[in-house]
Amino acid sequence: MLKQRVAFLGAGNMAEAMISGIVESGKLAPEQIIVTNRSNQERLNDMKVKYGIEAIKKDELNFEQIDVFILAMKPKDIDTVMEDLKDRLRPEQVLISVLAGISTAYMEEKLNDGQQVIRVMPNTSSMLRESATAISPGHHVSMDQVVFTKELMNCIGEAYIIEESQMDIFTGIAGSGPAYFYNLMEHIEQAGVEGGMDREMARKIGAQTILGAATMMLEREETPTQLRKNVTSPNGTTAAGLDALDEHGGGEAIAEAVKGAASRSKEMREELEKVFAEQK
Ligand SMILES: NC(=O)C1=CN([C@@H]2O[C@H](COP(=O)(O)OP(=O)(O)OC[C@H]3O[C@@H](n4cnc5c(N)ncnc54)[C@H](OP(=O)(O)O)[C@@H]3O)[C@@H](O)[C@H]2O)C=CC1
Ligand SMILES: O=C(O)[C@@H]1CCC=N1
């Protein structure tokens, strides 16, 4: 059991996915979690009922009671939130940001000297405690806080400490990644329907197939290339399927998706750094 009291600034999809996973893990009791937003009261009521946590407007938050703030609003709101937090934070309080494209250096510059800031990149599979989550500590973070953050992120799946320079590509693979597979599934499901199958059934078997392949890659020694070869009989159905996939962009299209998301993450960071430099 962790002892810290954690406040989420933001009550959207990502905050809910993390809260759901953390509560399910039992590592934090619901009484240790507060979720806040700007104005959507209905959303707060819903979160309160679903998870048994405190859910309040951001202006009602008592900073004194909080050990860890998890920033879970949109990246565009960063400056407003930094201004709000700057003179209210104590040095021992930690900020964990899930915001895509916002560097620890950017946040550190906006806060008082020495403030502890950690950047993480989870994904929505946090809800089922199956996220792949990156952690990059800022310049002033104590080892105790890194250990705490790793433990907290392990509540929602597998957590990896990475160099912040790899955060863009990590976001491209794992932060945005679930969407590529959902998109793939939309197409598999449709092909199933066009082949005469019931939609629900096509979805279930498609998802089970993705799950089986992912589990093979995690639990077996073989590379994805070897595993692919194991499925592919000469002149068989898989070879025909892979040829059609290649003809339509195939795996390369997914690689481009990863690169496109990573490049947007970098671009978002550069846009903000430019604004910040102009303000200096
Ligand atoms: N969705 C995903 O898969 C992932 C998202 N992320 C990151 O997570 C963050 C949130 O994304 P997502 O959950 O999809 O966004 P949503 O739009 O679903 O939620 C944003 C939330 O932030 C709240 N908010 C806005 N300003 C403030 C503030 N000043 N103080 C407190 N709360 C505030 C909003 O409240 P209100 O509605 O009242 O305005 C809303 O609850 C983003 O920065 C994104 O980069 C990271 C990894 C994956
Ligand atoms: O689309 C986004 O910007 C966020 C960050 C990673 C996943 N969703």
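Computed from a predicted structure; not experimentally measured.

1. Concerning the UniProt feature "domain: Pyrroline-5-carboxylate reductase catalytic N-terminal" (unreviewed entry) in the chain
- Per the UniProt entry, the sites bearing "domain: Pyrroline-5-carboxylate reductase catalytic N-terminal" (unreviewed entry) are residues 5-101 in this numbering.
- Segment residues 5-101 splits into 34% helix and 22% strand. End C-alpha atoms: 26 Å apart.

2. Concerning the site of ligand 1
- Near ligand 1 lie 28 residues; those nearest to it are Gly10, Gly12, Asn37, Met73 and Ala100.
- Listing elements by their share of the shell around ligand 1, those giving two or more residues are α1 (13-25), β2 (33-37) and α3 (78-86).
- Per-class residue counts for the shell around ligand 1 are 13 nonpolar, 11 polar and four charged.

3. Considering the nonpolar core
- Counting 52 residues, the largest nonpolar core has Phe8, Leu9, Val35, Ile70, Leu71 and Ala72 as its most contacted members.
- Per-element accounting of this core gives the leading share, six residues, to α1.
- If sequence neighbours within four positions are ignored, Ala72 has contacts with Phe8, Leu9, Gly10, Gly12, Met14, Ala15 and Val98.

4. A word on the sheet that holds strand β7 (residues 131-137)
- The sheet built from eight strands is open, its strands ordered β3-β2-β1-β4-β5-β6-β7-β8 with mixed pairing. On the outer flanks of this sheet lie β3 (54-57) and β8 (157-161), each paired with one strand and no other. Each adjacent strand pair in this sheet contributes to an overall mean axis angle of 25 degrees, direction not counted.
- As paired elements, β7 and β8 share five bridges and run parallel to each other. When the sheet's bridge partners are listed, Ala132 is paired in β8 with Glu158.
- Helix α6 (residues 167-175) rests against β6 (116-121) and β7 of the sheet, and its axis sits at about 40 degrees to β6.

5. Side note on unusual backbone geometry
- Backbone geometry at Arg129 places phi at a positive 60 degrees, although glycine is not the residue there.
- With respect to the element layout, Arg129 can be found in the loop between β6 and β7.
- Backbone geometry places Asn235, a non-glycine residue, at a positive phi of 60 degrees.
- Among the secondary structure elements, Asn235 is positioned in the loop between α9 (224-231) and α10 (237-247).
- Assessed through the 7 C-beta atoms surrounding it within 10 Å, Asn235 is described here as exposed.

6. What about the site of ligand 2?
- Every residue near ligand 2 is listed here: Ala100, Thr171, Gly175 and Ser176.
- Of the residues contributing to the shell around ligand 2, the split by class is one nonpolar, three polar and no charged.

7. Quick look at the UniProt feature "domain: Pyrroline-5-carboxylate reductase dimerisation" (unreviewed entry) in the chain
- Here, the residues flagged by UniProt with the feature "domain: Pyrroline-5-carboxylate reductase dimerisation" (unreviewed entry) are residues 164-268.
- With 82% helix and 0% strand, the stretch residues 164-268 has end C-alpha atoms that lie 15 Å from each other.

8. Quick notes on the packing of helix α7 (residues 177-194) against helix α8 (residues 199-219)
- Packing of α7 against α8 leaves a shortest axis separation of 8 Å and a crossing angle of 135 degrees. Viewed along their axes, α7 and α8 adopt a mutual orientation that is oblique. Our pair here, α7 against α8, has a crossing hand that is right-handed. For the pair formed by α7 and α8, the contact residues are Phe181, Met185, Ile188, Glu189, Gly192 and Val193 on the first element and Arg199, Ala202, Arg203, Gly206, Ala207 and Ile210 on the second.
- Across the contact of α7 with α8, the residue classes tally to seven nonpolar, two polar and three charged.

9. Brief notes about helix α11 (residues 250-279)
- Taking 1.5 Å of rise per residue, the 30 residues of α11 would be expected to cover 44 Å, and the 45 Å separating its terminal C-alpha atoms lies within 8% of that figure.
- Within the sequence span of α11, burial applies to Ala261, Ala262 and Ser265.
- Buried positions along α11 lie against α6.

10. Describing the pairing of strand β4 (residues 68-71)
- Of the two faces of β4, the one lined by Val68 and Ile70 and the one lined by Phe69 and Leu71 are each fully buried.
- Direction of pairing for strand β1 (residues 6-9) relative to β4: parallel, over a ladder of four bridges. By the bridge assignment for β4, Phe8 is matched with Ile70.
- When β4 meets strand β5 (residues 94-97), the two strands line up parallel, connected through four bridges. Its bridge partner lying in β5, Leu71 is registered against Ser97.
- Crossover handedness for the path β4 to α3 to β5: right-handed.

Conventions adopted
- Residues numbered from 1 in each chain as written.
- Chains lettered and ligands numbered in written order.
- Predicted model: local features only at pLDDT ≥ 70, side-chain atom pairs only at ≥ 80, totals over all residues.
- UniProt positions renumbered as here; feature names shortened; annotations may be inferred.
- Helix = DSSP H or I, 4+ residues; strand = E, 2+ residues; numbered from the N terminus.
- Near = placed C-beta within 6 Å.
- Nonpolar A, V, L, I, M, F, W, Y, C, P; charged D, E, K, R; others polar.
- Core = buried A, V, L, I, M, F, W, Y, C linked by C-beta atoms within 7 Å.
- Buried ≥ 20, exposed ≤ 12 C-beta atoms within 10 Å, placed from the backbone.
- Contact = placed C-beta atoms within 7 Å.
- Pairing = 2+ DSSP bridges.
- Axes fitted to C-alpha atoms, helices over the stretch in contact; angles between N-to-C directions.
- Parallel < 35°, antiparallel > 145°, perpendicular 65-115°, else oblique.
- Left-handed = near helix turned anticlockwise from the far one by under 90°.
- Expected span 1.5 Å × (residues − 1).
- Right-handed = clockwise from strand over helix to strand, strands pointing away.

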